[in-house]
Amino acid sequence: MNAPAPRASIAALPESLFAVPGMRCAGCISKIENGLAQVPGIAAARVNFTAKRVAISHLPETTIPEIQRAIAALGFESQPLGDELAGFTDESSRELLKAMAVAGFAMMNIMLLSVSVWSGASGGTKDLFHWLSALIALPTVAYSGRPFFRSAWNAVSNRRTNMDVPISIGVILTTTLSLFETFVGGAHAYFDGAVMLLFFLLTGRWLDSVMRDRARDGVSALLKHKAAGALVLGEDGTSAWVNADALKPGMVMLVAAGERLAADGVVTKGNSQFDLSLLTGESLPVAVADGDLVHAGTLNVDAPVEVRITAAGAATALADIARLMEDAGQSKSRYVRIADRAARYYAPAVHTLALLSFAGWMLAGAGWHQSLLIAVAVLIITCPCALGLAVPAAQIVSAGALMKKGILVKDGSALERLAEVDRALLDKTGTLTLGRPELTNIDALDAAAAPVALALARSSRHPLSQAVRRALEAKAVAAADITDVREIAGKGVEAIWQGKLARLVRPEKALFGGDVGASLAVAFQLGDAPATLLTFEDGLRPEAAATLRELKALGIESSIASGDRAEAVQPVARILGLTAQTGMHPQDKLDTISRLAAAGHKVLMIGDGLNDGPALAAGHASLAPASASDAGQNAADAVFMGDSLAPVVIAIRAARATQRIVRQNFALAIGYNVIAVPMAIMGMVTPLIAALAMSGSSVIVVANALRLKGAAQ
Amino acid sequence: MTGIAFLIPIALGLGLLGLGAFFWSLRSGQFEDLDGAALRILIDEDAPVDE
């Protein structure tokens, strides 16, 4: 028997949502659902594989970290999702899908009746069929037309016009006139045309909305949601987890190595190194000691410290950046999508044409009834059926192709803006570089030492140990058997291997007699043998140089905008042959973008850090790697996975290909109108011809859009 | 002509039935996890057998 998804959650128990990006197979689903159901305190777990989420209903006293540990015990990494996501369902997509289903049902049944009328039903049968059509069409237009009527009303009441204005006018006029024809027993009713129009347009809308949902699910699964709180030291010496919004100045946080700070504060105990790269772009960890000021969002890499909070919540440096970001995002919301830009010219043209044909036929003495029929035929035939489908169809095919390549594009307008960019600004740390230390001298470890070093590195979560582990695992080194592993906070790890002491520790000057040079280094020592110094640096992303060359070939000039020091940026800039601005604050990056924008450039911002957030929001288009901060990923138009920088070029190429197809589709739609409109004006269009023309042109633009399947290369 | 009186309500009724079924499946969450549904068929539900 197969296993149905458990659906109903147990009432009255709190439910928490977790992102579990590691789910890949059927086995993972059953492992998580069955495994968690056996954990005391958890009532039920429900996996949504598509969104890579688990909804867990649990007893009120079961805490989030406890559940996370339970999931970790099953072998999966998980992140709690915030309430704003928990309460969120794909409401708008679902509404559109319902409207589309109703329109589809109505379209098929009205078509059934219409075909009989076209093939010769007359007299009472024809009238009956028209009445039946009206009976189906009126509720359908009222229900399925709402998304268009609402948006058209919003536009008109703001004295603007968009695609939905001609659509709404067309549908309402057509339905009203057809109803009148039905009353007087006329020859033609256009109910099928009106409903078919709604169906095709709703298909386009729904595709657009599905694309946004899919990307949003993908991005929210990537978000790290970290520093949602801190372990706070109570006065009696016990410690308790406190959520970020409940932290208050004066509290003392215990910050373990590898944890991000949840609030600004002053170090009161311990020495460590802090990685500020997400906040400032500075690549080298900074040493902190008693009395040093540390900021929310920075990462403690070395040893546990105690931090007395001086500012929390909206008062932190982090919150300042968030505010800057909010302001910067407003220029992006002013962008008008290509379909709406087309509608600015399209709508007045269509309405003028319909009005002119009405006036023309009146003057020619055709009588108001006949003239009105012809005017409505013009409206129906010009209604932007293909236009409404042309853009979303192309964009969703392209976004699907990009998603397969690991690039999540957030919405259709992002693709349009991405196609327009002609200038790129790149952050250094984490964007051009990997943003994590990489072992540079792996050959310093001989065949005997490497397995021991790997075993030691695996037993520590320190970033440098992780780098050693990655480098050795990539060379397929098998770990040695070690015993008595001890992690000494702030120093390193040591263990016993074949009776000898093996150590992977912070390099001490005494050990090497003098300066150790690079400050990113660890010492590896086996028994009494002399220690080996392992050095690290933040390496360039693979294919960075090739990507920048291709950007240039695409006509996009690039430069570096980094918050790091000039000495740190210079080598990267020299290798890549780029000009660079250094030591930039978030506000400086914003200023650079607005200066370039004022000079007529469309700026593409590529960055990852919190400090890039405002610039990502302000850029004409923006990209962020999946390793970026949550703020960076939220602000960017698209997020790319993996280490390579090549997706940047792939995304721009695909966006431009999409724009080409969209323009072709517009040309097709205009070409069709050039043939169909004169026919309509001459009064030769019957409902049969309108139906054929409408579905024919829609099929053509969708088929053209499908050519984008291979766009992401 | 009397055939129409039967056939049209039947045709519309069948269409409505389909629409109703779609709305029901949408509301009962069958479209919420399409990839997961495809995988769940592979999971063996080994219910303990009472003997």
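Residues numbered from 1 in each chain as written. Chains lettered and ligands numbered in written order. Predicted model: local features only at pLDDT ≥ 70, side-chain atom pairs only at ≥ 80, totals over all residues.

*Asks:* Before we go on, may I ask you to explain the overall build of chain B in this structure?
*Replies:* Looking only at helices and strands, one finds two helices and zero strands in chain B. In chain B, which comprises 51 residues, the share counted as buried stands at 6%. (Helix = DSSP H or I, 4+ residues; strand = E, 2+ residues; numbered from the N terminus. Buried ≥ 20, exposed ≤ 12 C-beta atoms within 10 Å, placed from the backbone.)

*Asks:* How should the interface of chain B and chain A be read in this particular structure?
*Replies:* In many analyses, interface size is given as the accessible surface area lost on bringing the parts together. Opposite the 21 residues of chain B that make contact, chain A presents 23 residues. Of all the elements in the fold, those that place two or more residues in the side of chain B that touches chain A are α1 (2-27) and α2 (34-40) of chain B. A per-class count over the side of chain B that touches chain A returns 13 nonpolar, three polar and five charged. (Contact = placed C-beta atoms within 7 Å. Nonpolar A, V, L, I, M, F, W, Y, C, P; charged D, E, K, R; others polar.)

*Asks:* Help me understand the nonpolar core in this model?
*Replies:* Across soluble globular proteins, you tend to see nonpolar side chains buried next to one another. Residue and element names in this part refer to chain A. Ranked by size, the top nonpolar core spans 168 residues in total, and within it V195 and A651 carry the most contacts. By residue number, the principal contributor to this core is helix α25 (residues 647-681), which donates 17 residues. Residues from two domains meet in this core; each of domain 2 (229-261 + 263-311) and domain 3 (400-434 + 541-656) gives at least three. If we ignore the near neighbours within four places in the chain, the residues touching V195 are A103, A106, M107, I110, A137 and T140. With 26 residues, the next largest nonpolar core counts A455, A457, L464 and I482 among its residues. (Core = buried A, V, L, I, M, F, W, Y, C linked by C-beta atoms within 7 Å. Domains from an automatic or database assignment.)

*Asks:* Is there a simple way to think about the sheet that holds strand β24 (residues 603-606) of chain A in this case?
*Replies:* The strands that make up a sheet are held in pairs by hydrogen bonds between backbone atoms, and each pair lies either parallel or antiparallel. Residues and elements named next belong to chain A. With mixed pairing, seven strands are arranged side by side in an open sheet as β14-β26-β25-β24-β15-β22-β23. In this open sheet, the two edge strands, each paired with only one partner strand, are β14 (407-409) and β23 (580-581). With three bridges joining them, β24 and strand β25 (residues 621-625) adopt parallel strand pairing. Its bridge partner lying in β25, L604 is registered against A621. Against the sheet, helix α15 (residues 412-420) engages β14, β25 and β26 (638-640), with an angle of about 105° to β25. (Pairing = 2+ DSSP bridges. Axes fitted to C-alpha atoms, helices over the stretch in contact; angles between N-to-C directions.)

*Asks:* What exactly am I supposed to notice about the UniProt feature "transmembrane region" (unreviewed entry) in chain B here?
*Replies:* As annotated in UniProt, the feature "transmembrane region" (unreviewed entry) corresponds to residues 6-26 of chain B in the numbering used here. Between the C-alpha atoms that bound residues 6-26 of chain B there is a distance of 30 Å. The span itself is 100% helix and 0% strand. (UniProt positions renumbered as here; feature names shortened; annotations may be inferred.)

*Asks:* Looking at this structure, how should I read the packing of helix α5 (residues 123-144) of chain A against helix α7 (residues 164-184) of chain A?
*Replies:* Helix packing geometry: the angle between the two helix axes and the distance between the axes. Residue and element names in this part refer to chain A. Running from N to C, α5 and α7 point in directions that differ by 155°, and their axes come no closer than 10 Å. In terms of orientation, α5 lies roughly antiparallel with respect to α7. Where α5 crosses over α7, the handedness of that crossing is left-handed. Here α5 contributes H130, W131, A134, A137 and V141 to the contact with α7, which in turn contributes V171, T175, L179 and T182. Among the residues forming the contact of α5 with α7, the class breakdown is six nonpolar, three polar and no charged. (Parallel < 35°, antiparallel > 145°, perpendicular 65-115°, else oblique. Left-handed = near helix turned anticlockwise from the far one by under 90°.)

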